[in-house]
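So the chains spell out like this:
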Amino acid sequence: MVSHREGKDVAILTYGVLINNALKAAELLAETGVETSVLRLLSVSDLPIDHIAKQLPANGMLFVVEEVSGKCGIAQELAYELQKLRPDCKVVGTDLGKQYVCHGNLDTLYEHYGLSPEAIKTWILEEQGSEN
């Protein structure tokens, strides 16, 4: 796992090319005052749960961004395993959803499925608001 950015408010975890959207989303969140850590997995097998747990902010908020069909990624396993080490953590995931995934330009598809930097920023701000 690689830590690309450190922040005290929330953490975004992703892998693959979505790292670019996660980093841009972190920049957009910084403009709103939300300091965001960005973590990138180099492999999704043998998840480094201990290392991820140590990288979580004090409030334990982890946002998992994945380019996979709904409920086919790592968010659920991460939530289960992290709860054992950090019972205070909250893991929330977003992905392509359960519907048929259409094909096309990546930026257009990321926008359509809520995986663009702006959509990630909005999602995180909404989730943070639901915590209060």
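Structure: above.
Bear in mind that the values here come from a model prediction, so they are computed numbers and not experimental data. Sequence positions are assigned chain by chain, starting from 1 and proceeding in written order. Predicted model: local features are reported for residues with pLDDT of at least 70 only, side-chain atom pairs are reported and counted for 80 or more only, and whole-chain, interface and lining totals are derived from all residues. Hydrogen atoms and water are omitted, and side-chain values are computed over all heavy atoms in the structure.

J.: Which residues make up helix α1 (residues 18-31), and what values do they have?
T.: Helix and strand definitions here come from DSSP, where helices need a minimum of 4 consecutive H or I residues and strands a minimum of 2 consecutive E residues; each element is numbered from the N-terminal end. Any helix carries an expected span of 1.5 Å times its number of residues minus one. The first and last C-alpha atoms of α1 sit 20 Å apart over 14 residues, in line with the 20 Å expected at 1.5 Å per residue. Here the term buried applies to any residue with accessible area under 20% of the maximum for its type, exposed to any over 50%, and partly exposed to those in between, with areas from a 1.4 Å probe on protein chains only. Those residues of α1 lying buried are L18, I19, N21, A22, A25, A26, L28 and L29.

J.: So what's going on with the pattern of salt bridges? Residues and values would help.
T.: Here, a salt bridge means any Lys or Arg side-chain nitrogen found within 4 Å of an Asp or Glu carboxyl oxygen. Evaluated as defined, the whole model comprises six salt bridges. Between D9 and K8 there is a salt bridge whose closest N-O contact spans 3.4 Å. A residue is classified by how much of its surface remains accessible, and D9, at 17% relative accessible area, is buried. Residue K8 is classed as exposed on the basis of its relative accessible area of 53%.

J.: Any details on the sheet that holds strand β5 (residues 90-94)? Residues and values, ideally.
T.: Should DSSP find at least two bridges between two strands, the strands are regarded as paired. Reading across the sheet, the five strands line up as β1-β3-β2-β4-β5 and stay open at both edges, with mixed pairing between neighbours. Across the chains shown, the open sheet's two edge strands, defined by having one partner strand only, are β1 (2-5) and β5. Each neighbouring strand pair of the sheet contributes to a mean axis angle of 25°, computed without reference to strand direction. The pairing of strand β2 (residues 10-15) with strand β4 (residues 61-65) spans three bridges and is parallel. Directly across from L13, in β4, lies its bridge partner V64. Axes, fitted as lines to C-alpha atoms, cover a helix only where it is in contact. Angles between the N-to-C directions of the axes lie from 0 to 180 degrees.

J.: Can you tell me about unusual backbone geometry, naming the residues and giving the values?
T.: Phi is positive for D46, which is not a glycine, with a value near 55°. With respect to the helices, strands and loops of the structure, D46 is situated in the loop between β3 (36-41) and α2 (49-55).

J.: Outline the nonpolar core, supporting the account with residue identities and numerical values.
T.: Ranked by internal contacts, the top residues of the largest apolar core, which has 22 residues, are I12, F63, V65, I120, W123 and I124. Going through the elements one at a time, β2, α1, β4, α4 (106-112) and α5 (117-131) are the ones with two or more residues in this core. In terms of residues, this core owes the most to one element, α1, which gives six residues. Contacts are assigned to residue pairs that have any heavy atoms within 4.5 Å of one another. Not counting residues within four places of it along the chain, the set of residues in contact with I120 comprises I12, N21, A25, V65, G114 and L115. By nonpolar core we mean a set of buried residues, namely Ala, Val, Leu, Ile, Met, Phe, Trp, Tyr and Cys, connected to one another through side-chain atoms within 4.5 Å.

J.: Before we move on, could you go through the packing of aromatic side chains and cite the residues and values that matter?
T.: Each pair of aromatic rings taken from Phe, Tyr and Trp, with Trp reduced to its six-membered ring, is defined by centres within 6.5 Å and is described as stacked if the planes are under 30 degrees apart, edge-to-face if over 60, and tilted in the remaining cases. Evaluated as defined, the whole model comprises one aromatic pair. Ring geometry for F63 against W123: centres 5.1 Å apart, planes inclined by 80°, an arrangement best described as edge-to-face. One end of the pair, F63, is in strand β4; the other, W123, is in helix α5, and 60 residues separate them in sequence.

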